[in-house]
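Chain residues, written in single-letter form:
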Amino acid sequence: MQKFKFKLDGLLKVREFKEKKIKIELGEILKEIAVVEEKIAAANHAIDETYEAQEVFMKDPSAGSMLQFFPYFIQGKKDDIKNKENLLWSLRKKYDFKITELAAARGQVKVMENFKEKKLGEWTKERNKKEMEAIEEILMMRRNGVHASNE
């Protein structure tokens, strides 16, 4: 008997590929988010270190022009943090969008898999029915053969 063949297998594979592609993109976005969060933490740490260095620097007698460096550096780091937080917000929005896209792709794949299972079930029932008919036909032939030889 012929093997089961799902006519929409190509479409199912395309949808599965799309789902995998979205998962990869989600992984890349998560990696970018982690990098940006690390950069924000590093900038905050640099600001803390700068305040500590400023305190140490102010204990020693030094030129006033050297003290001007600290506020500019701190302001630059705070501006960098704001930019990174904007980027982080953007990445999180992108992540949320990809999550909804992944849910839709998973739904499409699930629909196709359910349809394939349904068709496989119908094919199995049909195959079993044909096999039973063939068995019954053989049994009928045997009965008719046995009755014909007895008469």
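You'll find the structure just up there.
Please read all numbers here as calculations on a predicted model, not as lab measurements.

### Quick notes on the overall build of the chain
Then, number 1: Summing up its helical and strand segments, the chain has 3 helices and 0 strands in all.
Then, number 2: What you see in the chain, going N to C, is helices and strands ordered as α-α-α.
Then, number 3: Over its C-alpha trace the chain gives a radius of gyration of 36 Å, far above what one expects of a compact globule, namely 15 Å for 151 residues.
Then, number 4: Along the first, second and third principal axes, the C-alpha atoms of the chain reach 130 × 20 × 15 Å.
Then, number 5: Relative to its 151 residues, the chain shows a buried fraction of 17%.

### Quick notes on the nonpolar core
Then, number 1: Of all hydrophobic cores here, the largest spans 10 residues; its members are Ile29, Ile33, Val36, Ile40, Ala43, Ile47, Ile74, Ile81, Leu88 and Leu91.
Then, number 2: For this core, the secondary structure elements donating two or more residues are helix 1 (9-59) and helix 3 (69-150).
Then, number 3: Once residues within four sequence positions are removed from consideration, Ile81 is found in contact with Ile40, Ala43, Asn44 and Ile47.

### Some details on the pattern of salt bridges
Then, number 1: According to the stated counting rule, one finds 10 salt bridges in the structure shown.
Then, number 2: A salt bridge links Glu19 to Lys23, with the nearest nitrogen and oxygen atoms 3.7 Å apart. Of this pair, Glu19 and Lys23 both sit in helix 1, separated by 4 residues, roughly a single helical turn.
Then, number 3: In this structure Glu19 comes out as buried when scored by relative accessible area, which is 13%.
Then, number 4: Note on Lys23: relative accessible area 40%, which makes it partly exposed.
Then, number 5: With its nearest N and O atoms 2.4 Å apart, the salt bridge here joins Lys98 to Glu25. Note that Lys98 is positioned in helix 3 and Glu25 in helix 1, a separation of 73 residues in sequence.
Then, number 6: Bridged by salt links that share partners, the residues Lys21, Glu25, Lys98 and Glu101 form one connected network.

### As for a nonpolar patch on the surface
Then, number 1: Taken together, the side chains of Leu8, Leu11, Val14 and Phe115 make up a nonpolar region of the molecular surface, amounting to roughly 310 Å² of accessible area.
Then, number 2: As for its position among the elements, Phe115 is in helix 3.
Then, number 3: Accessibility expressed as a relative area gives 33% for Phe115, which makes it partly exposed.

### Overview of the side chain of Thr50
Then, number 1: Assignment of secondary structure puts Thr50 in helix 1.
Then, number 2: Only 2.6 Å separates the side chain of Thr50 from the backbone oxygen of Ala46, close enough to count as a polar contact.
Then, number 3: Sequence-distant contacts of Thr50, that is, excluding residues within four places in its chain, are made with Phe70, Phe73 and Ile74.

### Regarding the packing of aromatic side chains
Then, number 1: Enumeration according to the criterion identifies 2 aromatic pairs in this entry.
Then, number 2: Taking the centre distance of 5.7 Å and the plane angle of 55° together, the rings of Phe4 and Trp123 count as tilted. Here the residue Phe4 occupies a position in the segment before helix 1, and Trp123 occupies one in helix 3, the gap between them amounting to 119 residues.
Then, number 3: Classification of Trp123 as partly exposed rests on a relative accessible area of 24%.

What counts as what
Residues numbered from 1 in each chain as written. Predicted model: local features only at pLDDT ≥ 70, side-chain atom pairs only at ≥ 80, totals over all residues. Heavy atoms only, no water. Helix = DSSP H or I, 4+ residues; strand = E, 2+ residues; numbered from the N terminus. Rg over C-alpha atoms; globule rule 2.2 N^0.38 Å. Buried < 20%, exposed > 50% of the residue type's maximum accessible area, 1.4 Å probe, protein only. Core = buried A, V, L, I, M, F, W, Y, C linked by side-chain atoms within 4.5 Å. Contact = heavy atoms within 4.5 Å. Salt bridge = Lys/Arg side-chain N within 4 Å of Asp/Glu carboxyl O. Patch = residues over 30% accessible without salt bridge, like charges linked within 9 Å, V, L, I, M, F, W, Y side chains within 5 Å. Areas by Shrake-Rupley, 256 points an atom, 1.4 Å probe, with all protein chains shown as cover. Polar contact = N/O pair within 3.5 Å; in protein donor to acceptor, adjacent residues only side chain to side chain. Phe/Tyr/Trp six-rings, centres within 6.5 Å; stacked < 30°, edge-to-face > 60°.

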